[in-house]
Amino acid sequence: MIKLILIFFLTILYTANALIQNRLFVSKKLSNCKVQLDDGGIIDLSSLDDPSNPITSIEGNQKFFFNPCTPIECDPNSIKNAAICKKNLTGEYKLGEQNSASFDYNDILYITFSSKDRKGAIQCICSSDQKFEFLNERPENNYYFILKSPCCCPNKCNGKKPSTSGEGLSLGSILLIIFFSAFIVYFAGGIVFSKYLQKKNGLEIIPNHDFWTTLPGDIKSGVLFTLSNVRRNNNSYNQI
């Protein structure tokens, strides 16, 4: 019975891990500020679009401006088509044109813009807060930024202003909490029962003591058995 319970909880952990490790990808670029993931989820930054007051990051004597969707003016002598703009004491520089936006997704959304010999890349991180910050320029003329926003979360904004309310726990987190809570109650309750009701002492107060003492050996035997089968199969293939 105890082994069945253990197998059940291990199955839950495996399922939770599979859910956590699941990877999504961008399946379609819907606009310069909106993408669809391969599970149908939408990441939509259009509610952050404000060309008259773009998102700003200040780093020393440098200012960086980012606006999704609608182009902003960077260099007054050039076409108004910038997505990211850098301004400092020496002038204004376009780090990416709005129409050059490309997207990639691996747990977080990556947005890349280009303009002639410069490139701007933004990590769009799902967060209950909103913040835009400059990371570094490495190598030269390659600029990296982080945008934290609820709108970086799939299906969060969809054209609406971002909410600053906290995110709920994921299914994987809930399953892990349930597992470890049940495990603690099992051990604590079993120890109290063995010590005070069954009057046991030493290691005998551990619930199902025989099972836990033999478990490492059972795991070792299972691993050795699996490895021996793998080696046997490999030898059979080599002979063929």
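Rules behind the numbers
By convention here, each chain's residues receive numbers from 1 onward along its written sequence. Predicted model: local features are reported for residues with pLDDT of at least 70 only, side-chain atom pairs are reported and counted for 80 or more only, and whole-chain, interface and lining totals are derived from all residues. To get the side-chain values, take all heavy atoms of the structure and skip hydrogens and water. Here, two cysteine sulfur atoms that lie within 2.5 Å of each other are counted as a disulfide. Secondary structure elements follow DSSP: runs of H or I no shorter than four residues count as helices, runs of E no shorter than two count as strands, and numbering proceeds from the N terminus. Expected helix span is taken as 1.5 Å per residue step, with the number of steps being one fewer than the number of residues. Relative accessibility under 20% of the residue-type maximum defines a buried residue, over 50% an exposed one, and the middle range a partly exposed one, all with a 1.4 Å probe and only protein chains included. Strand pairing requires that DSSP identify at least two bridges connecting the strands. We call a set of buried Ala, Val, Leu, Ile, Met, Phe, Trp, Tyr and Cys residues a nonpolar core when their side-chain atoms join them within 4.5 Å. Between two residues, a contact is recorded if the distance between any of their heavy atoms is within 4.5 Å. Convention adopted: a line fitted to C-alpha atoms gives each axis, helices being fitted over their contacting stretch, and angles between N-to-C directions are expressed from 0 to 180 degrees.

A.B. asks: Sorry, what's going on with the state of the cysteines here?
C.D. replies: By definition, a disulfide links the sulfur atoms of two cysteines through a covalent bond. In this structure the tally under the stated criterion is 5 disulfides. Note on cysteine connectivity: cysteine 33 is disulfide-linked to cysteine 69, with sulfurs 1.8 Å apart. Handedness here is read from the sign of the S-S torsion; for cysteine 33 and cysteine 69, about 90°, the answer is right-handed. Residue cysteine 33 is found in the loop between β1 (26–31) and β2 (34–37), and its partner cysteine 69 is found in the loop between β5 (62–66) and β6 (82–88); the two are separated by 36 residues along the sequence.

A.B. asks: Could you clarify how one ought to interpret helix α2 (residues 171–197) in this entry?
C.D. replies: At 3.6 residues per turn, the α-helix brings residues three or four places apart onto the same side. An ideal rise of 1.5 Å per residue puts 39 Å on 27 residues; α2 measures up with 38 Å between its terminal C-alpha atoms. Taken as a whole, α2 has its buried residues at Gly172, Phe179, Gly190 and Ser194.

A.B. asks: Is there a simple way to think about the pairing of strand β12 (residues 142–149) in this case?
C.D. replies: Judged by how many residues are buried, β12 sits mostly within the fold: 6 of 8 residues are covered. One ladder, built from 8 bridges, connects strand β10 (residues 118–126) with β12; its direction is parallel. Looking at β12, one finds that lysine 119 is bridged to asparagine 142. Between the antiparallel neighbours strand β11 (residues 131–137) and β12 lie 4 residues, among them asparagine 141 with a positive phi of about 70°.

A.B. asks: Would you take a moment to explain the nonpolar core for this structure?
C.D. replies: Most often, soluble globular proteins have nonpolar side chains that are buried together. Membership of the largest hydrophobic core comes to 29 residues, with the highest contact counts inside it found for Ile122, Phe145 and Leu147. Elements that contribute at least two residues to this core include exactly β2, β5, β6, β8 (102–106), β9 (108–115), β10, β11 and β12. When neighbours within four sequence positions are excluded, isoleucine 122 is seen to be in contact with Phe66, Ile84, Leu109, Tyr110, Ile111, Phe113, Phe132, Phe145 and Leu147. Phe65, Ile72, Cys74 and Cys85 belong to the second largest nonpolar core, which has 5 residues in total.

A.B. asks: Which parts of the structure should I look at to understand the environment of leucine 37?
C.D. replies: One can find leucine 37 in strand β2. For leucine 37, a relative accessible area of 1% gives the class buried. Residues leucine 37 and tyrosine 105, spaced 68 residues apart in sequence, show a C-alpha to C-alpha distance of 8.1 Å.

A.B. asks: Is there a simple way to explain the environment of glycine 96 in this structure?
C.D. replies: Relative to the helices and strands, glycine 96 resides in strand β7 (residues 91–97). When the C-alpha atoms of glycine 96 and asparagine 81 are compared, they prove to be 8.6 Å apart, with 15 residues separating the residues in sequence. Residues in contact with glycine 96, not counting those within four places in the same chain, are Asn81, Ala82, Ala83, Ile84, Phe113, Ser114 and Ser115.

A.B. asks: Would you take a moment to explain the sheet that holds β1 for this structure?
C.D. replies: One key point about sheets: their strands pair by backbone hydrogen bonds, in either a parallel or an antiparallel sense. If you walk across this open sheet you meet the 3 strands as β1-β2-β3, and the pairing is antiparallel. Both outer strands of the open sheet, β1 and β3 (42–44), are each paired with one neighbouring strand and no more. Each strand axis lies, on average, 20° off the axis of its neighbour in the sheet, ignoring direction.

A.B. asks: Honestly, the pairing of β1 in this entry has me stumped. Any pointers?
C.D. replies: When a strand is regular, its side chains alternate between the sheet's two faces. Bridge count for β1 against β2 is 4 bridges, and the pairing is antiparallel. Within the sheet, the bridge partner assigned to serine 31 lies in β2 and is lysine 34. Connecting β1 to the next strand, β2, in antiparallel fashion are 2 residues.

A.B. asks: Would you take a moment to explain the sheet that holds β7 for this structure?
C.D. replies: With respect to topology, 4 strands assemble into an open sheet ordered β4-β5-β6-β7, the strand pairing being antiparallel. With one partner strand each, in any of the chains shown, β4 (55–59) and β7 form the two edges of the open sheet. Strand-to-strand twist of the sheet, defined as the mean angle between neighbouring strand axes without regard to direction, takes the value 20°. Where β6 meets β7, 6 bridges bridge the pair, whose relative direction is antiparallel. Of the residues in β7, the one forming a bridge with lysine 87 is glutamate 92.

Keep in mind these numbers describe shape, not what the thing actually does.
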